[in-house]
Amino acid sequence: MSRFSDKINIIDQSTYHILKEDNGKRKVLRSSKYKNKHKEEPKLSLLDFLTVPRQKQKQQKRPHLIIARKSVSLQTKHKGKTRLHPKRRIARLKRIIRNYRSLRQHNVDNETKYTEEIQKSSETEEPHKLTLCVTANENDRREQNLALNYVVPNPLQVIEDLKCLTLNEEKSEKATLSTPKHKIHSRRFRSYCDNCTTPRLKELTTQLLNDLDRFQKRAYAHNEIKARAHPRLVVGFRESLSRLRINKVKLLILAPDCENCPLPGGLDDTIDELKSVCQQQKVPYCFSLMRRELAYALHKRAQISCVAILDFDGANETFKQLLKELDVASYQYKCLTAT
């Protein structure tokens with residue numbers, strides 16, 4: 001096809017008029033390829049170049065997720081029904097202590113009532129008449145008991161009973177000698193203690209507990225799961241006894257002012273059990289800080305009666321000094337109780 005072709009001259013009359021009206025402007029074909037070509041470009045002005053500050057859109061508040069303190073509890077799915085108000089589990093030792101407290105309070109109330117009744121009766125009646133009545137009633141009761149329980153004694157049986165009595169008396173004397181109560185013992189320093197509470201011993205124990213608590217908190221911040229698997233220390237009688245049974249305890253710290261609870265399975269029995277296990281495994285134990293002082297050293301609100309140290313890395317020098325001071329304190333206690 002040549003450059004100057006005659007085909008352009010062969011135009012229909014209608015198209016010629018259209019081209020003439022458009023003043024020679026070429027009409028853009030509206031096909032799929034050129035569908036946006038017919039649109040004219042928008043004219044720009046100076047206002048278009050001005051920057052207008054945009055208003056910040058209000059962010060929708062997301063529901064606050066409550067993350068549990070124990071990350072292990074998030075990993076394990078809870079089985080069973082969940083309660084709106086879960087029951088607080090009370091340990092066996094705590095239940096025994098509460099029972100003993102209620103029993104002791106009941107006895108105190110009965111004694112106060114009895115004393116009040118005696119005072120009222122003494123105010124109303126004359127004192128010598130009261131004494132006569134009391135002695136008469138006691139004599140009547142004794143006579144009734146003798147009449148009911150009177151049996152002709154067998155001489156052989158009497159001899160055997162006397163032997164038993166002498167043996168029991170010897171045993172009771174030995175028991176009292178094994179656990180004597182000296183003047184140094186009191187409510188703040190009970191009879192189960194084996195060493196004196198020197199100021200140097202208190203200082204070393206507080207320093208050791210502060211250091212180990214700081215190391216444990218740092219480990220929890222770094223990796224909580226690993227820190228739970230390898231704790232530095234544990235608190236409480238149950239935890240301490242369970243770690244003692246698997247030979248994990250390096251030092252046991254007991255409070256010298258624990259509450260008196262002589263019931264079977266109570267505080268006195270648990271402390272004796274802890275001491276016996278420590279003596280079998282040759283684990284050192286000391287009575288240095290009171291319950292409130294132990295809580296203050298570990299930054300706790302509740303009083304602490306027992307702390308078991310499992311790992312003392314990082315505080316080796318303090319631990320060695322504490323053991324030396326413990327030997328001195330135990331020697332002082334022996335000297336005081338020997339007299």
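Everything numeric in this text was worked out from a predicted model, so none of it was measured.

## Quick word on the overall build of the chain
Alright, step 1. Across its full length, the chain holds 11 helices and 4 strands.
Alright, step 2. For the chain, with 339 residues in total, the buried portion stands at 24%.
Alright, step 3. Pairs at least 24 apart in sequence give 79% of the contacts found in the chain among residues at least 6 apart.
Alright, step 4. Accessible surface, the chain as shown: approximately 28,800 Å² in total, 54% of it carbon and sulfur.

## Let's talk about the pattern of salt bridges
Alright, step 1. For the coordinates displayed, the defined rule picks out 13 salt bridges.
Alright, step 2. We note a salt bridge from Glu203 to Arg200, for which the minimum N-O separation is 3.7 Å. In this pair, Glu203 and Arg200 are both assigned in helix 6 (residues 199-222), 3 residues apart and thus about one turn of the helix distant.
Alright, step 3. With a relative accessible area of 44%, Glu203 lands in the partly exposed category.
Alright, step 4. When the shortest N-O distance is used, the salt bridge between Glu224 and Arg228 registers 3.1 Å. Taken as a pair, Glu224 and Arg228 lie in helix 7 (residues 224-229) at a separation of 4 residues, close to a single helical turn.

## Details of the packing of helix 8 (residues 237-245) against helix 9 (residues 267-281)
For any two helices packed against each other, one specifies the crossing angle of their axes together with the interaxial distance.
Alright, step 1. It is at 11 Å that the axes of helix 8 and helix 9 come closest, and there the two elements cross at 25°. By the angle between their directions, the pair helix 8 and helix 9 is classed as roughly parallel. When the axes of helix 8 and helix 9 are compared, the crossing they make is left-handed. Judged by residue contacts, Phe237, Leu241, Leu244 and Arg245 of helix 8 engage Leu267, Ile271, Glu273, Leu274, Val277, Cys278 and Gln281 from helix 9.
Alright, step 2. Looking at the contact of helix 8 with helix 9 residue by residue, the classes come out as 8 nonpolar, 1 polar and 2 charged.

## Points about helix 11 (residues 316-338)
Alright, step 1. Compared with the 33 Å implied by 1.5 Å per residue over 23 residues, the 33 Å span of helix 11 between its first and last C-alpha is a close match.
Alright, step 2. Buried within helix 11 we find Thr318, Phe319, Leu322, Glu325, Leu326, Ala329, Tyr333 and Thr337.
Alright, step 3. The secondary structure elements touched by the buried residues of helix 11 are helix 6, strand 2 (251-254) and strand 3 (285-287).

## Looking at the sheet that holds strand 4 (residues 306-309)
Note on sheets: strands pair through backbone hydrogen bonds, and any given pair is parallel or antiparallel.
Alright, step 1. Ordered by their spatial adjacency, 4 strands build an open sheet running 1-4-2-3, and the pairing between neighbours is mixed. Of all the strands in the sheet, the pair left with one neighbour each is strand 1 (233-235) and strand 3. Taking the axes of each pair of neighbouring strands and ignoring which way they run, one obtains an average angle of 15° across the sheet.

## Quick word on the nonpolar core
Alright, step 1. Ranked by size, the top nonpolar core spans 53 residues in total, and within it Leu209, Phe237 and Leu252 carry the most contacts.
Alright, step 2. Per-element accounting of this core gives the leading share, 6 residues, to helix 6.
Alright, step 3. With sequence-adjacent residues up to four places away left out, Phe237 is seen in contact with Leu93, Leu254, Cys258, Leu267, Ile271, Leu274, Ser305 and Cys306.

## A closer look at the confidence of the model for the chain
Alright, step 1. With 63% of its residues at a pLDDT of 70 or more, the chain has an overall mean of 76.
Alright, step 2. Between residues 129-134, whose pLDDT stays under 50, and residues either more than four places distant or in other chains, the model counts 3 contacts.
Alright, step 3. Segment residues 145-153: pLDDT under 50, and 1 contact once partners within four positions in sequence are set aside and those in other chains are kept.

## Remarks on a positive patch on the surface
Alright, step 1. Residues Arg89, Arg92, Arg95 and Arg238 make up a contiguous surface patch of positive charge.
Alright, step 2. Tracing the backbone through its elements, the reader meets Arg92 in helix 3 (residues 92-124).

## Re the state of the cysteines
Alright, step 1. Taken as a whole and judged by the stated rule, the model has 0 disulfides.
Alright, step 2. No disulfide involves Cys258; its sulfur sits 8.1 Å from that of Cys306, the nearest cysteine.
Alright, step 3. Of all cysteine sulfurs, the one in Cys196 lies closest to Cys335, which takes part in no disulfide; the gap is 8.9 Å.

## So, unusual backbone geometry
Alright, step 1. The residue Lys282 is not glycine, and still its phi comes out positive at about 60°.
Alright, step 2. Within the fold, Lys282 resides in the loop between helix 9 and strand 3.
Alright, step 3. At His299, a position not held by glycine, the phi torsion is positive, near 60°.
Alright, step 4. Relative to the elements of secondary structure, His299 occurs in the loop between helix 10 (291-297) and strand 4.

## Quick look at helix 9
Alright, step 1. A rise of 1.5 Å per residue sets the reference length of helix 9, with its 15 residues, at 21 Å; its end C-alpha atoms lie 21 Å apart and thus fit the reference within 8%.
Alright, step 2. Considered for burial, the residues of helix 9 that qualify are Leu267, Asp268, Thr270, Ile271, Leu274, Lys275, Val277 and Cys278.

## Comments concerning the packing of helix 6 against helix 11
Alright, step 1. With their axes 9 Å apart at the nearest point, helix 6 and helix 11 run at an angle of 150° to one another. When the axis of helix 6 is compared with that of helix 11, the two are roughly antiparallel. For the pair helix 6 and helix 11, the sense of crossing is left-handed. Facing Arg200, Leu201, Leu204, Thr205, Gln207, Leu208 and Asp211 of helix 6, the residues of helix 11 in contact are Thr318, Phe319, Gln321, Leu322, Glu325, Leu326 and Ala329.
Alright, step 2. For the contact of helix 6 with helix 11, the per-class residue count stands at 7 nonpolar, 4 polar and 3 charged.

Each value, and the rule that gives it
- Residues numbered from 1 in each chain as written.
- Predicted model: local features only at pLDDT ≥ 70, side-chain atom pairs only at ≥ 80, totals over all residues.
- Heavy atoms only, no water.
- Helix = DSSP H or I, 4+ residues; strand = E, 2+ residues; numbered from the N terminus.
- Buried < 20%, exposed > 50% of the residue type's maximum accessible area, 1.4 Å probe, protein only.
- Contact = heavy atoms within 4.5 Å.
- Areas by Shrake-Rupley, 256 points an atom, 1.4 Å probe, with all protein chains shown as cover.
- Salt bridge = Lys/Arg side-chain N within 4 Å of Asp/Glu carboxyl O.
- Axes fitted to C-alpha atoms, helices over the stretch in contact; angles between N-to-C directions.
- Parallel < 35°, antiparallel > 145°, perpendicular 65-115°, else oblique.
- Left-handed = near helix turned anticlockwise from the far one by under 90°.
- Nonpolar A, V, L, I, M, F, W, Y, C, P; charged D, E, K, R; others polar.
- Expected span 1.5 Å × (residues − 1).
- Pairing = 2+ DSSP bridges.
- Core = buried A, V, L, I, M, F, W, Y, C linked by side-chain atoms within 4.5 Å.
- pLDDT = per-residue confidence, 0-100.
- Patch = residues over 30% accessible without salt bridge, like charges linked within 9 Å, V, L, I, M, F, W, Y side chains within 5 Å.
- Lys, Arg positive; Asp, Glu negative; His and termini not counted.
- Charge placed at Lys NZ, Arg CZ, Asp CG, Glu CD.
- Disulfide = S-S within 2.5 Å.

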